[in-house]
Amino acid sequence: MNAAPTTPEPAVLRLLDANLDRAREGLRVLEDWCRFGLDRQDLVARLKDLRQRLGRCHRAAYKAARHTASDGGAGLAHPAQSERQQPVQVVAANAGRAQEALRVLEEFGRGHDPQLATEAAAIRYALYDLEVDLMRACGAAAGRRDQLLRCHLYLITSPSPRLLATVTAALEAGVRLVQYRAKEADDLQRWQEARALRQLCSRYGALFIVNDRVDLALAVQADGVHLGQGDLPPAEARRLLGPDRLIGRSTQRIEQLRQAVADGCDYVGVGPINATPTKPGRDPVGLAYVSQAAAESPIPFFAIGGLESTTLPPVLSAGGRRVAVVRAIIEAEDPHRASRELLEALQEEA
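To start, this report covers the structure provided alongside it. (Residues numbered from 1 in each chain as written. Predicted model: local features only at pLDDT ≥ 70, side-chain atom pairs only at ≥ 80, totals over all residues. Heavy atoms only, no water.)

Brief notes about the overall build of the protein
Tallying secondary structure elements over the protein gives 15 helices and eight strands in all. In terms of overall size, the protein is more extended than a compact globule, its C-alpha atoms giving a radius of gyration of 27 Å where 350 residues would be expected to give roughly 20 Å. Judged by the C-alpha coordinates and their principal axes, the protein covers about 85 × 40 × 35 Å. Every one of the 350 residues in the protein was classed for burial, and the buried ones make up 45%. Across the protein, every contact between residues at least 6 apart in sequence was considered, and the portion connecting residues at least 24 apart equals 62%. (Helix = DSSP H or I, 4+ residues; strand = E, 2+ residues; numbered from the N terminus. Rg over C-alpha atoms; globule rule 2.2 N^0.38 Å. Buried < 20%, exposed > 50% of the residue type's maximum accessible area, 1.4 Å probe, protein only. Contact = heavy atoms within 4.5 Å.)

Written out as structure tokens, the structure reads:
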């Protein structure tokens, strides 16, 4: 049987009330980020359970002792609060806030409300473990997106009898973003090639994206998927992929780029800049769209369409700093050299 709480002095009542509020608020911040930012319903359920368990300990007597007007600490801010610009910083701060408040509840509740003290200790230790999972979830997404920002050359594959050897040469030259694209292959061939490329990219620390197929991306544990305008809506892809993986979108005009940003895409393709057999029947968008994207896009954009080292300068002059290529590497006699030339030209402008 749980021990009945004794009647503590008013100061202790206010202290317990304040720290119950603080712990519950911190848990709610974490819960909402898992729900809306990470789309991790498993973490949401765990945090909600902790928050509701704590709520059941928040007695009416504690709330009745509340007197914000006489609390000298109410409303005080600290410069560190304004420095929390990234979600991962907010998550870490609120996990710490909740843990500290729980420790106070444990210490001061022990003599007056043993049930509260016991529950606070159990929740605190559960939160230590949960924080690790939460930070890993934040880090997985942030790690891929941070790496994406460092990528300026995007290799998109096309069918080739030397596919693995060509991609290996590009990776050895420094390419760190590869998309598997095979429109005509059957599913078994796609899975076999995608799995081999996934392993290859992992060996070189490169991001691996699958064109169109969310199911294939999940099957081979790709880093993300690239969607055309006629493919699955980004919101549905995000629901299936979860918050950690990347989603790219092909765009041919600025309105489509704006929509991709609104849809939560991580990057866009801009093009085709020039006519290309990779996109038969599609009119080139030219350099004007590159300039528009450079002026407006808040996410990375990759110019694409008939680009190689000799056609790169006008794109760079228009504001493009990232390009995606197919034939310039896949069909090159020396894919390692072709990759190095493109990377060096892009690095000079970075």
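Details of the pairing of strand E6 (residues 267–270)
In E6, alternate side chains face the same way, and those of Tyr267 and Gly269 on one face and Val268 and Val270 on the other are all buried. When strand E5 (residues 246–251) meets E6, the two strands line up parallel, connected through four bridges. By the bridge assignment for E6, glycine 248 is matched with tyrosine 267. Where the polypeptide runs from E5 across helix H11 (residues 254–262) and back to E6, its parallel neighbour, the crossover connection is right-handed. The pairing of E6 with strand E7 (residues 301–304) spans three bridges and is classified as parallel. Paired with valine 270 across the bridge in E7 is alanine 303. (Pairing = 2+ DSSP bridges. Right-handed = clockwise from strand over helix to strand, strands pointing away.)

Observations regarding the sheet that holds strand E2 (residues 177–180)
Two modes of strand pairing occur in sheets, parallel and antiparallel, and in both the strands are linked by backbone hydrogen bonds. Here eight strands make up a closed barrel; going around it, the order is E1-E2-E3-E4-E5-E6-E7-E8 and the pairing parallel. Going from strand to strand, the sheet's axes swing by 25 degrees on average, the running direction of each strand aside. (Axes fitted to C-alpha atoms, helices over the stretch in contact; angles between N-to-C directions.)

Re the packing of aromatic side chains
One pass over the structure, following the stated rule, counts four aromatic pairs. Note on tyrosine 154 and phenylalanine 302: the rings are 5.2 Å apart at their centroids and 70 degrees apart in plane angle, and the pair reads as edge-to-face. With tyrosine 154 in strand E1 (residues 153–156) and phenylalanine 302 in strand E7, this residue pair connects regions lying 148 residues apart in the sequence. No difference in accessibility class separates tyrosine 154 from phenylalanine 302, as the two residues are buried. Pairing tyrosine 267 with phenylalanine 302 gives two aromatic rings, centres 5.7 Å apart and planes at 85 degrees, and the pair type is edge-to-face. (Phe/Tyr/Trp six-rings, centres within 6.5 Å; stacked < 30°, edge-to-face > 60°.)

Brief notes about the environment of valine 290
With respect to the helices, strands and loops of the structure, valine 290 is situated in helix H12 (residues 287–296). Once the C-alpha coordinates of valine 290 and alanine 260 are considered, the two residues, 30 residues apart in sequence, prove to be 16 Å apart. Ignoring anything within four residues of it in the chain, the contact list for valine 290 reads Val270, Ile273, Phe301, Ala303, Val315, Ala318, Gly319 and Gly320.

Looking at H12
Every buried residue of H12 is accounted for by Tyr289, Val290 and Ala293. Each buried residue of H12 lies within a common arc of 105 degrees when the element is viewed along its axis, so the set occupies one face. Opposite its buried face, H12 presents the exposed residues Ala288 and Ala295, each directed more than 90 degrees away. Packed against the buried residues of H12 are E5, H11, E6, E7 and helix H13 (312–317). (Arc of directions from axis to C-beta.)

Here we look at the nonpolar core
One finds Leu153, Phe208, Val270 and Val323 to be the most contacted residues of the largest nonpolar core, which totals 54 residues. Sequence-distant contacts of leucine 153, defined by excluding residues within four places in its chain, comprise Val175, Leu177, Val323, Val325, Ile329, Ser339, Leu342, Leu343 and Leu346. With 31 residues, the next largest nonpolar core counts Leu27, Val44, Leu50 and Tyr62 among its residues. (Core = buried A, V, L, I, M, F, W, Y, C linked by side-chain atoms within 4.5 Å.)

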